[in-house]
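Below, each chain spelled out in residue letters.
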Amino acid sequence: MADQRVAARYAKSLLDLGKEMGTLSAVKDDMDLLSKTMAESRELRLLLRNPIVKHDKKLAILNAIFGGKVSDMTLRFFTILTEKNRESAIEGIGPEFLAQYNAMQGIQSAEVTSAAPLTAVARLEIRKLVTQQTGLTDVQLTEKVDPELIGGFVLRVGDNQIDDSVRTSLRRMRTSLQENSYQSKL
């Protein structure tokens with residue numbers, strides 16, 4: 001929780017700095033790369049959280065991984081984080097930055113999980129549903145396929161979830177039948 005708060009504050013600072021310097025799109029690309037790299041590398045996440053590894057070694061590793069791939073401002077940002085002993089927050093800064101960037105740009109992120117890949121019509125309907133719920137017209141939709149849903153979909157928008165899957169309907173039906181509310185008149 002504390003790391004999340006720290007990540008939110010550093011992400012806000014980086015967002016404001018990028019906007020002020022006019023390099024916001026480059027910083028966003030850097031944070032996309034950071035988020036992707038952190039999600040794919042468990043070893044990097046563990047290394048950055050490890051208190052035994054010295055700060056200058058962590059900075060050297062970050063420079064080796066991201067040097068030439070990110071802007072100079074982002075590399076300087078990594079330097080500041082390591083000097084302030086905040087390397088463990090780097091993992092959360094990428095997603096937090098992207099969330100704040102999307103909020104600033106009026107983009108709503110949503111995740112839909114369905115039993116089969118969405119058709120164009122279904123995708124349009126889900127975008128319309130998200131627009132009705134949030135009021136934001138620009139919807140960034142992430143699609144996942146989970147055959148265990150049997151049918152229907154599960155839509156996550158922020159902290160809200162709409163579960164209209166067959167699996168959940170069957171689970172509710174089973175629960176209601178197990179309650180055995182039937183009374184025989186014998």
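Parameters and conventions
Residues numbered from 1 in each chain as written. Predicted model: local features only at pLDDT ≥ 70, side-chain atom pairs only at ≥ 80, totals over all residues. Heavy atoms only, no water. UniProt positions renumbered as here; feature names shortened; annotations may be inferred. Helix = DSSP H or I, 4+ residues; strand = E, 2+ residues; numbered from the N terminus. Rg over C-alpha atoms; globule rule 2.2 N^0.38 Å. Contact = heavy atoms within 4.5 Å. Areas by Shrake-Rupley, 256 points an atom, 1.4 Å probe, with all protein chains shown as cover. Salt bridge = Lys/Arg side-chain N within 4 Å of Asp/Glu carboxyl O. Buried < 20%, exposed > 50% of the residue type's maximum accessible area, 1.4 Å probe, protein only. Axes fitted to C-alpha atoms, helices over the stretch in contact; angles between N-to-C directions. Parallel < 35°, antiparallel > 145°, perpendicular 65-115°, else oblique. Left-handed = near helix turned anticlockwise from the far one by under 90°. Nonpolar A, V, L, I, M, F, W, Y, C, P; charged D, E, K, R; others polar. Phe/Tyr/Trp six-rings, centres within 6.5 Å; stacked < 30°, edge-to-face > 60°. Pairing = 2+ DSSP bridges. Right-handed = clockwise from strand over helix to strand, strands pointing away.

Labelled according to an unreviewed UniProt entry, the protein appears under the name ATP synthase subunit delta, originating from Hymenobacter monticola. Here is the UniProt Sequence similarities (unreviewed entry) comment for the protein, exactly as written: "Belongs to the ATPase delta chain family."

Draft legend 1. Structural view of the overall build of the protein. The helix and strand tally for the protein stands at eight helices and four strands. Along the protein, from the amino end to the carboxyl end, the secondary structure elements read α-α-α-α-α-α-β-α-β-β-β-α. The C-alpha atoms of the protein give 22 Å as radius of gyration, which overshoots the globular expectation for 186 residues (16 Å, by more than 25%). Once local pairs closer than 6 in sequence are excluded, the contacts in the protein between residues at least 24 apart make up 66%. Accessible surface for the protein amounts to roughly 11,900 Å². Of this, 53% is attributable to carbon and sulfur atoms.

Draft legend 2. Examining the pattern of salt bridges more closely. Across all of its chains, the model carries eleven salt bridges by this definition. Between Lys28 and Asp32 there is a salt bridge; the shortest N-O distance is 2.8 Å. On the criterion of helical spacing, the pair formed by Lys28 and Asp32 is a turn pair, its members being four residues apart in helix α2 (residues 24–40). On the accessibility criterion, Asp32 (27% relative accessible area) is partly exposed. One salt bridge in this structure joins Arg156 and Glu111, with 3.4 Å as the shortest N-O distance. Placement of Arg156 in strand β3 (residues 152–157) and of Glu111 in strand β1 (residues 107–114) is noted, with a sequence separation of 45 residues between them.

Draft legend 3. View of the packing of helix α3 (residues 42–49) against helix α4 (residues 55–66). Two elements in contact, α3 and α4, have axes whose closest approach is 10 Å; the angle formed by their N-to-C orientations is 150°. Taken together, the axis directions place α3 and α4 in an arrangement best described as roughly antiparallel. Taken as a pair, α3 and α4 cross one another with a handedness that is left-handed. Contact with α3, carried on its side by Leu44, Leu47, Leu48 and Arg49, involves Lys58, Ile61, Leu62 and Ile65 of α4 and no other residues of that element. Among the residues forming the contact of α3 with α4, the class breakdown is six nonpolar, no polar and two charged.

Draft legend 4. Up close: the side chain of Ser165. Within the secondary structure layout, Ser165 lies in strand β4 (residues 160–165). Beyond its immediate sequence surroundings of up to four residues, Ser165 is in contact with Leu149, Gly151, Gly152, Phe153 and Val154.

Draft legend 5. Quick peek at the environment of Lys28. Considered as a pair, Lys28 and Phe97 are 69 residues apart in the sequence and their alpha carbons are 7.9 Å apart. Residues within four places of Lys28 in sequence aside, it is in contact with Phe97, Leu98 and Tyr101.

Draft legend 6. Structural context of the packing of aromatic side chains. What the rule picks out here adds up to three aromatic pairs. Ring geometry for Phe66 and Phe78: centres 5.5 Å apart, planes at 45°, overall tilted. Taken together, the residues Phe66 in helix α4 and Phe78 in helix α5 (residues 72–83) connect sequence positions twelve residues apart. The class for Phe66 is buried, based on a relative accessible area of 1%. Here Phe97 and Tyr101 contribute two aromatic rings whose centre-to-centre distance is 6.3 Å and whose plane-to-plane angle is 15°, an arrangement assigned as stacked.

Draft legend 7. Quick peek at the pairing of β1. For β1, a buried count of six out of eight residues is recorded, marking the element as mostly surrounded by other parts of the structure. Sheet topology places β1 next to strand β2 (residues 138–145); eight bridges connect them, and they run parallel. When the sheet's bridge partners are listed, Val112 is paired in β2 with Glu143. Traced from β1 through helix α7 (residues 120–134) to β2, the parallel crossover comes out right-handed. Summarising the sheet, β1 and β3 pair through five bridges and their orientation is antiparallel. Looking across to β3, one finds that Ala110 is bridged to Val157.

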